[in-house]
Amino acid sequence: MAGLLGAVVGASEKAAHIARLCRQEQPLFQLLVAEKTGSDRNQRFLQDFKTLADVLIQEVIKHDLGEEFPELRGHIHGEESNEFSNGQGDTVTVRVCATPGDTAALLLSVLGPEQAAAELLAAAVHRDVTPGDAKVAGVDLGVPPRDLAIWIDPIDSTNEYIGGREDAAPLDGIAPGGLRSALVLIGAYDRRTGCPVLGVINEPFFRRDPQTRRWQGRYHWGVAYGDTRLSSLSPPSPRPAPCVVLSRAEGAAVRGALQPLCGDRLRFAAGAGYKMLCVILGLADAYVLSEGSTFAWDACAPHAILRALGGGVVALEGALRARRRGDAGPPPELVYNRPLEGAAGTQRWANRGGLVAYVHPQHLEAVLAAL
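Residues numbered from 1 in each chain as written. Predicted model: local features only at pLDDT ≥ 70, side-chain atom pairs only at ≥ 80, totals over all residues. Heavy atoms only, no water.

Novice: Looking at this structure, how should I read empty space enclosed by the protein?
Specialist: Empty space among the atoms becomes apparent when a probe as large as a water molecule is rolled across them. Scanning the entire structure with this criterion turns up one cavity of 30 Å³ or more. Considering only enclosed or pocket space, the largest cavity measures out at about 40 Å³ in volume. P236, S237, R239, G282, A284, D285, V359, H360 and H363 are the residues that line the largest cavity. (1 Å grid on protein atoms, 1.4 Å probe; cavity = no way out; pocket = protein on both sides within 12 Å on 5 of 7 lines; lining within 4 Å. Points joined across faces, edges and corners; volume = space filled by probe spheres on them.)

Novice: Help me understand the sheet that holds strand β5 (residues 183–190), please; the structure alone is not making it clear to me.
Specialist: Hydrogen bonding along the main chain pairs the strands of a sheet, whether they run parallel or antiparallel. Spatially, six strands are ordered β1-β4-β5-β6-β7-β8 in an open sheet, and the strand pairing comes out mixed. Looking at strand neighbours, the two that pair on one side only are β1 (76–78) and β8 (228–231), the edges of this open sheet. Averaged over neighbouring strand pairs, the angle between their axes works out to 15° when direction is ignored. Pairing of β1 with strand β4 (residues 148–156), which is carried by three bridges, proceeds in the parallel orientation. (Pairing = 2+ DSSP bridges. Helix = DSSP H or I, 4+ residues; strand = E, 2+ residues; numbered from the N terminus. Axes fitted to C-alpha atoms, helices over the stretch in contact; angles between N-to-C directions.)

Novice: Before we go on, may I ask you to explain the UniProt feature "binding site: Mg(2+)" (unreviewed entry) in the protein in this structure?
Specialist: Per the UniProt record, "binding site: Mg(2+)" (unreviewed entry) is annotated on E79, D153, I155, D156 and D298. In sequence the annotated residues extend across 220 residues, while in space they remain close, none of their C-alpha pairs exceeding 9.8 Å. In the annotated group above, the largest pocket draws its lining from E79, D153, I155, D156 and D298. By relative accessible area, which is 29% here, E79 ends up partly exposed. Once residues lying within four places of it in the same chain are set aside, the contact partners of E79 are Q58, I152, D153, P154 and W297. Take D156: it is sitting in strand β4. In this structure D156 comes out as buried when scored by relative accessible area, which is 4%. Not counting residues up to four positions away in its chain, the partners in contact with D156 are S181, A182, L183, L185, G271, A272, G273, Y274 and D298. (UniProt positions renumbered as here; feature names shortened; annotations may be inferred. Buried < 20%, exposed > 50% of the residue type's maximum accessible area, 1.4 Å probe, protein only. Contact = heavy atoms within 4.5 Å.)

Novice: Would you take a moment to explain the domain arrangement of the protein for this structure?
Specialist: Put simply, an interface is often sized by how much accessible area is lost when its parts join up. Segmentation of the protein into domains returns domain 1 (4–231) and domain 2 (244–370). A separation of 24 Å is found between the C-alpha centroids of domain 1 and domain 2. Each side of the interface is counted separately: domain 1 has 45 residues, and domain 2 has 35 residues. The contact between domain 1 and domain 2 buries some 2,900 Å² in all, and 65% of this surface belongs to carbon and sulfur atoms. In terms of surface lost to domain 2, no three residues of domain 1 exceed W151, I174 and P196, which account for 23% of the buried area on that side. Across the pair R267 and D172 runs a salt bridge whose closest N-O atoms are separated by 2.6 Å. The interface formed by domain 1 and domain 2 holds 12 residue pairs in polar contact (both at pLDDT 80 or more) in total. Those elements that place two or more of their residues in the side of domain 1 that touches domain 2 are β4, β5, β6 (196–208), β7 (215–225) and β8. (Domains from an automatic or database assignment. Buried area = accessible area lost by both parts, 1.4 Å probe. Salt bridge = Lys/Arg side-chain N within 4 Å of Asp/Glu carboxyl O. Polar contact = N/O pair within 3.5 Å; in protein donor to acceptor, adjacent residues only side chain to side chain.)

Novice: Where do I start with the layout of surface pockets in this structure?
Specialist: Taken as a whole, the largest pocket spans an internal volume of roughly 660 Å³. Surrounding the largest pocket, 30 residues form its lining, D156, S157, G271, A272 and S293 being those nearest its centre. Class assignment for the residues of the lining of the largest pocket results in nine nonpolar, nine polar and 12 charged. No fewer than three residues from each of domain 1 (4–231) and domain 2 (244–370) sit in the lining of the largest pocket. Each pocket or cavity is described by its volume, and for the second largest pocket that value is around 420 Å³. For the second largest pocket, the lining is made up of 19 residues, of which A315, L334, V335, R338 and L340 are closest to its centre. Take the lining of the second largest pocket: its biggest share by element is three residues, from helix α11 (residues 316–324). For the lining of the second largest pocket, the residue count by class is 10 nonpolar, three polar and six charged. (Nonpolar A, V, L, I, M, F, W, Y, C, P; charged D, E, K, R; others polar.)

Spelled out as C-alpha cells, the structure:
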C-alpha cells in the first residue's frame, strides 16, 4: 500500500499539472475559451476540448497506475469514455503512447490543426512527477493491490473549471463555486466488499502564487483498511450546532427540514467532491444531497478520507428507511463495486437516493433526525 499511495498521489499531481496547464498556456486556454463561449465550439477544433481534457487526465492516471501496478489493469475505472470521432469519421481512442511525439500525433488527430496544443499536452503527459512526501513514503499496509480497484474523477466540477471564476468569495472558508471547486479525485476500494480504502483529493487551484500569479495546488489523502486509519489531516473538531453544505439545486423540503438544526449555518457550493472536501477540512460538518445526481467516481476518494478521519458517507434513502423502522444501528454506507440493477450507462454507478457525508457520528444522527 505504501507504493500504491505514493503512485496515486503522484498521478494526482500530474493530473493537476495538466489541469493548470490548460488554463495557463495560451494555445490550450484558447480552446477552453472557445468551449466556454460555445458559439464556435465545433468549428474551431474537431472535438469538445473540455471532454478531451477530462479524458486525457483520466487516461494518464490509468496508464501511470497500470504501469506501476499491472495487477490493477482492467480494474481502473473513470467517468469518461476515451473514444472520439474525428472530422474524417474515424474513431480515435485517446491513450498514452510510447513517446511524447506519438502521443502528440494521436492528440492532433483529435484536435485538428492545433499542433501547439497537442505538443503541450503530450509533454505534460510524459512528464515525470515524484512527490517528495516523507509521510506518504512511510505508509506501509498489508493490502495487496490485486485486491483493489480504482475510481477516477479526472476533473470534478468540470463546469466550474471551464467557467474559470476566481472572484467567488468564500463564506466561512467555503467557496460557492469557481476554480477552487475543481478537483482531481482518485479512490481505491476493495473489489470484494466495495468498501473504500484509499483516497486522494488534489486541489489544482488552491491559490495563486503572489509573485508569479500562477496557480498552486495541494493534496490530501486518507487510508482506512482493517483497524488502520491514517490521513494527511487530523479530524476536525465538532461544532455544537452543525454547519451543513448543500447543492444550490437542493430542494426546498430539505432546506426547510435542516434550517431549525443549522440556523444560519446552511452553506451552498458547487461540486460533489468539493462539498465532501469541505466536510473533510472541517469547514462544514455534513454534506447532504437528496437526489441521485452523484456517482461512484465522485464519492470514492472523499469517502476513504472521511473513513480515515472516523466518519463516512451513508446512503440517505436507506438510512432514513432504517431509522423509520426503528433501527438504531449504523446506517448503510456507500459501496463502489455494485452497479445498479436495471440501470444503463453511467446511471449504473449513480448514488441513487442521495447521501450524507460526515466526520462525527453525532452530526450524522442530528441530520437524519431532522430529515
